[in-house]
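Structure at a glance
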Amino acid sequence: MSCAMKSLVEDNDRYLKSFQLFLERSSEHKCMQDFIHGILPDILASVGEGKANLNVMGVGSGAGEIDLEMFSQLHLKHPAVTVDNQVVEPSAQQLHLYKVLVSQKPNLDYIKFTWNKMTATEFEKHWRENHLTKKMDFIHMIQMLYYVKDPGATVTFYQSLLDRNGKLLVILVSGESSGWGKLWRTFRTQLCNTEISQCVTTGDIKAYLDSKTVSYQSYKLPSQMDITECFTEGDQRGELLLDFLTEVLDFSSTAPPELKRGVLDLLKTPDCSKEVDGRVIFNNTLEVLVVDPLQ
């Protein structure tokens with residue numbers, strides 16, 4: 001990454017703004033909800049195996065909307081069960097929003113929430129230093145492995161916390177099917193500040209799991225995002241979306257001209273996007289990996 005360019009996550013306010021716009025412009029939450037209501041219930045039915053209490057952990061849970069969607073399905077499958085839920089989230093603002101959401105939702109008294117304002121790496125350090133031995137029945141890491149230094153090692157640590165019928169659910173952009181995969185394969189060295197964020201896809205995680213002969217199941221979640229404004233010079237929303245796509249703060253004004261031109265040209269190609277009614281629609285396909293416990 002050029003020293004003139006900074007990672008988007010260094011400016012939390014701009015990151016959250018660009019993320020919010022991304023959610024508005026994409027079908028990401030919709031495709032996750034389809035998965036949560038369609039496929040996840042059968043996965044959740046297999047965890048716990050007769051326990052009266054389930055241990056759940058959300059790593060990078062954000063403001064909690066997706067967590068609570070999953071809990072509604074878990075409760076349908078295990079109506080008599082209580083839940084200990086460890087929330088691991090480094091953003092004070094996101095944790096606050098999560099707590100507000102919990103306070104407004106009825107019928108969550110079967111869940112005990114423990115709030116950990118930490119990164120995944122800080123939480124791992126905390127767990128090891130305190131010699132904690134509690135085993136987890138369900139751990140989810142949704143769209144967060146971009147922000148750890150060693151995604152493979154992080155997956156292995158959290159997998160090691162699973163009880164024998166536990167499941168680790170990872171959601172990332174698809175390596176083979178999404179525009180992100182092509183963008184990052186092409187510009188990884190210029191865009192990725194590996195101290196802060198990784199251009200990681202499910203392709204990388206699957207290759208890592210295969211190398212360790214770990215068993216997992218995978219599910220594609222087709223999703224798309226309207227990025228039309230990215231191609232209008234000076235458009236504020238377009239610049240926010242470009243920051244999100246490249247993970248670079250103020251990409252339009254700080255990227256070298258040839259890099260900016262290369263990224264914009266690639267974003268318009270069929271490998272990344274399609275044109276629909278004059279709009280440029282980016283392929284945001286996600287993939288879910290459901291990882292089994294260590295044998």
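Residues numbered from 1 in each chain as written. Predicted model: local features only at pLDDT ≥ 70, side-chain atom pairs only at ≥ 80, totals over all residues. Heavy atoms only, no water.

The protein has the name Histamine N-methyltransferase in an unreviewed UniProt entry, where Oncorhynchus mykiss is given as its organism. According to the UniProt record, the Subunit (unreviewed entry) comment for the protein reads "Monomer." (UniProt positions renumbered as here; feature names shortened; annotations may be inferred.)

Turning to the side chain of asparagine 85, a few remarks are in order. Tracing the backbone through its elements, the reader meets asparagine 85 in strand E3 (residues 82-88). If sequence neighbours within four positions are ignored, asparagine 85 has contacts with Val56, Met57, Gly58, Phe71, Tyr98, Ile111, Lys112, Phe113 and Thr114. (Helix = DSSP H or I, 4+ residues; strand = E, 2+ residues; numbered from the N terminus. Contact = heavy atoms within 4.5 Å.)

On to the sheet that holds strand E8 (residues 224-226). Pairing within the open sheet is antiparallel, and its three strands lie in the order E8-E11-E10. Of all strands in the sheet, those with a lone pairing partner are E8 and strand E10 (273-276), marking the two edges. The mean inter-strand angle of the sheet, taken between neighbouring strand axes irrespective of direction, is 30 degrees. (Pairing = 2+ DSSP bridges. Axes fitted to C-alpha atoms, helices over the stretch in contact; angles between N-to-C directions.)

Their axes nearest at 10 Å, the elements helix H8 (residues 179-191) and helix H10 (residues 236-246) cross at an angle of 80 degrees. With respect to their mutual orientation, H8 and H10 come out roughly perpendicular. The segment H8 lies against H10, with Trp180, Leu183, Trp184 and Leu191 engaging Phe244, Leu245 and Thr246. Tallied by class, residues from the contact of H8 with H10 come to six nonpolar, one polar and no charged. (Parallel < 35°, antiparallel > 145°, perpendicular 65-115°, else oblique. Nonpolar A, V, L, I, M, F, W, Y, C, P; charged D, E, K, R; others polar.)

A positive phi angle, close to 65 degrees, is found at asparagine 107, a residue other than glycine. Examined against the element boundaries, asparagine 107 turns out to sit in the loop between helix H5 (92-104) and strand E4 (111-116). Positive phi, close to 50 degrees, is recorded for threonine 213, a residue that is not glycine. Positionally, threonine 213 belongs in the loop between helix H9 (202-211) and strand E7 (216-221).

Here the focus is helix H12 (residues 257-267). Every buried residue of H12 is accounted for by Leu259, Lys260, Val263, Leu264, Leu266 and Leu267. Down the axis of H12, the sector holding all buried residues measures 165 degrees, keeping them to one side. Residues of H12 that are exposed and point more than 90 degrees away from the buried face comprise Pro257, Glu258 and Arg261. Contact partners of the buried residues in H12: H8, H10, helix H11 (251-254), E10 and strand E11 (279-283). (Buried < 20%, exposed > 50% of the residue type's maximum accessible area, 1.4 Å probe, protein only. Arc of directions from axis to C-beta.)

Let's shift gears to the pattern of salt bridges. Overall, the coordinates contain 18 salt bridges when judged by the stated rule. A salt bridge links aspartate 292 to lysine 167; its shortest N-O distance comes to 2.5 Å. You can see aspartate 292 sitting in the segment after strand E12 (286-291) and its partner lysine 167 sitting in strand E6 (residues 162-173), a full 125 residues away along the chain. The exposure classification of aspartate 292 matches that of lysine 167, with both residues buried. Between glutamate 287 and lysine 206 there is a salt bridge whose closest N-O contact spans 2.9 Å. (Salt bridge = Lys/Arg side-chain N within 4 Å of Asp/Glu carboxyl O.)

Attention now moves to the packing of aromatic side chains. All told, the structure shown has 18 aromatic pairs when counted by the stated rule. Measuring from centroid to centroid gives 5.0 Å for tyrosine 98 and tryptophan 115, while their planes differ by 80 degrees, and the two rings are edge-to-face. Taken together, the positions of tyrosine 98 in helix H5 and tryptophan 115 in strand E4 put the pair 17 residues apart, joining distant regions of the chain. For tryptophan 115, a relative accessible area of 27% corresponds to the partly exposed category. Taken together, the aromatic side chains of Tyr15, Phe19, Phe22, Tyr146, Tyr147, Trp180, Trp184, Phe244 and Phe282 make up a single cluster linked through ring pairs. The ring of phenylalanine 231 has lysine 268 sitting right over it, with the charged end atom 4.8 Å from the ring centre. (Phe/Tyr/Trp six-rings, centres within 6.5 Å; stacked < 30°, edge-to-face > 60°. Lys NZ or Arg CZ within 6 Å of the ring centre and 35° of its normal.)

Below, the discussion takes up the sheet that holds strand E2 (residues 53-59). Taken in spatial order, the seven strands line up as E4-E3-E2-E5-E6-E12-E7 in an open sheet, and their pairing is mixed. In the strand order of this sheet, the two ends are held by E4 and E7, each with one partner. Each strand axis lies, on average, 15 degrees off the axis of its neighbour in the sheet, ignoring direction. Contacts from helix H4 (residues 65-77) reach E2, E3, E4 and strand E5 (136-142), with the element oriented near 145 degrees to E5. Lying over the sheet, H9 contacts E6, E7 and E12, oriented at roughly 25 degrees with respect to E12.

Met57, Ile139, Leu145 and Tyr158 are the most contacted members of the largest nonpolar core, which totals 97 residues. Per-element accounting of this core gives the leading share, seven residues, to E6. Beyond its immediate stretch of four places on either side in the chain, methionine 57 contacts Asn85, Gln86, Val88, Phe123, Trp127, Met136, Phe138, Ile139, His140, Tyr158 and Leu161. (Core = buried A, V, L, I, M, F, W, Y, C linked by side-chain atoms within 4.5 Å.)

Our next topic: the pairing of E2. In terms of residue burial, E2 counts as a mostly covered element, since six of its seven residues are buried. A crossover links E2 with its parallel partner E3, the connecting element being H4, and its sense is right-handed. Of the pairings in the sheet, the one linking E2 to E5 comprises four bridges and is parallel in character. Residue pairing across strands places valine 59 opposite methionine 141, the latter belonging to E5. (Right-handed = clockwise from strand over helix to strand, strands pointing away.)

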